[in-house]
Amino acid sequence: MTNVARFTAHLAACPLVAILRGIRPDEAVAVAAALIDAGIRILEVPLNSPGPLESIARIVAAHGDAATIGAGTVLDPNDVGRVAAAGGRLIVSPNADVRVIAATVAAGLVSAPGYFTPTEAFAALEAGAHALKLFPAEAASPAVLKAQCAVLPRDVPVLIVGGITPDAMEAYWSAGACGFGLGSGLYSPGRSPADVAERARGYVAALARIRADD
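Residues numbered from 1 in each chain as written. Predicted model: local features only at pLDDT ≥ 70, side-chain atom pairs only at ≥ 80, totals over all residues. Heavy atoms only, no water.

Draft legend 1. The pattern of salt bridges, seen in detail. Enumeration over the complete set of coordinates arrives at seven salt bridges. Taking the shortest distance from any N to any O, the salt bridge between aspartate 79 and arginine 82 comes out at 2.6 Å. Here arginine 82 and aspartate 79 lie together in helix α4 (residues 77-85), a separation of three residues that amounts to about one turn. For arginine 82, a relative accessible area of 44% gives the class partly exposed. Aspartate 195 is the partner of arginine 191 in a salt bridge, and the nearest nitrogen-oxygen pair spans 3.7 Å. A relative accessible area of 27% places aspartate 195 in the partly exposed class. One salt-bridge network, held together by shared partners, links Arg24, Asp26 and Glu27. (Salt bridge = Lys/Arg side-chain N within 4 Å of Asp/Glu carboxyl O. Helix = DSSP H or I, 4+ residues; strand = E, 2+ residues; numbered from the N terminus. Buried < 20%, exposed > 50% of the residue type's maximum accessible area, 1.4 Å probe, protein only.)

Draft legend 2. View of the side chain of serine 49. Structurally, serine 49 is set in the loop between β2 (42-46) and α3 (52-63). A polar side-chain atom of serine 49 sits 2.8 Å from the main-chain amide nitrogen of glycine 22. Discounting residues that sit within four places of it in the chain, serine 49 has contacts with Leu20, Arg21, Gly22 and Ile23. (Polar contact = N/O pair within 3.5 Å; in protein donor to acceptor, adjacent residues only side chain to side chain. Contact = heavy atoms within 4.5 Å.)

Draft legend 3. The arrangement of the packing of helix α2 (residues 25-38) against helix α9 (residues 193-213) in detail. One way to put it is that α2 packs onto α9 with a least axis distance of 8 Å and a crossing angle of 25 degrees. Put simply, α2 runs roughly parallel to α9. The way α2 lies across α9 gives a crossing that is right-handed. Taking contact as the criterion, the partners of Ala30, Val31, Ala34, Leu35 and Ala38 in α2 are, on α9, Pro193, Val196, Ala197, Ala200, Arg201 and Val204. Broken down by class, the residue content of the contact of α2 with α9 amounts to 10 nonpolar, no polar and one charged. (Axes fitted to C-alpha atoms, helices over the stretch in contact; angles between N-to-C directions. Parallel < 35°, antiparallel > 145°, perpendicular 65-115°, else oblique. Left-handed = near helix turned anticlockwise from the far one by under 90°. Nonpolar A, V, L, I, M, F, W, Y, C, P; charged D, E, K, R; others polar.)

Draft legend 4. Region of interest: the pairing of strand β3 (residues 68-72). Of all five residues that make up β3, five are buried, and the element is covered over most of its length. Taken together, the five bridges between β2 and β3 define a ladder with parallel strand orientation. Looking at β3, one finds that valine 45 is bridged to alanine 71. You can see the chain leave β2, run along α3 and come back into β3, and the turn it takes is right-handed. Bridge count for β3 against strand β4 (residues 90-92) is two bridges, and the pairing is parallel. The residue bridging glycine 70 from the neighbouring strand is leucine 90, located in β4. In this view, the connection linking β3 to its parallel neighbour β4 by way of α4 has right-handed handedness. (Pairing = 2+ DSSP bridges. Right-handed = clockwise from strand over helix to strand, strands pointing away.)

Structure, rendered in structure tokens:
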């Protein structure tokens, strides 16, 4: 199975991405296990976390068959190869840097860059992006997303990131969202695996209700 096919399958099973900003290598495996047990299958370790490549490598070694694991806040094309060497399969960025996207595609990894405008979205897709991250969602209403989805290719997943709570998901889902990136509402440094698991179950249950009514 290719990395893109794996990502697509995991997104279809549970369209939530755990953003583990600030996680340390010594807690990464336990937190990842809590998230996977709760049903989340896509995990992102931002590169501005302590020892991010070690965290990715540890999670991949323990849970690589059960989830798509990758890096976030990837700003340098040279970091793509480092993430791949650690076992990561996914590259997420806050921006639409075509150099990072091209390096990701060339490495056979999944590219999910951030965008805010249609111009950025189409530039990212032209460079080979497999999914798009609308960021920051705090500044983009569901109405904005709906207007963008009217012109974006229907086969490209659009994930909503920034301040997402369980209650905020329904309006974005109805507007065309294909998934959500979950940051501090799910994980923040020092939060126990049990707390993370409880929060994850809340998000998973809320999204299951939304999808059932869709």
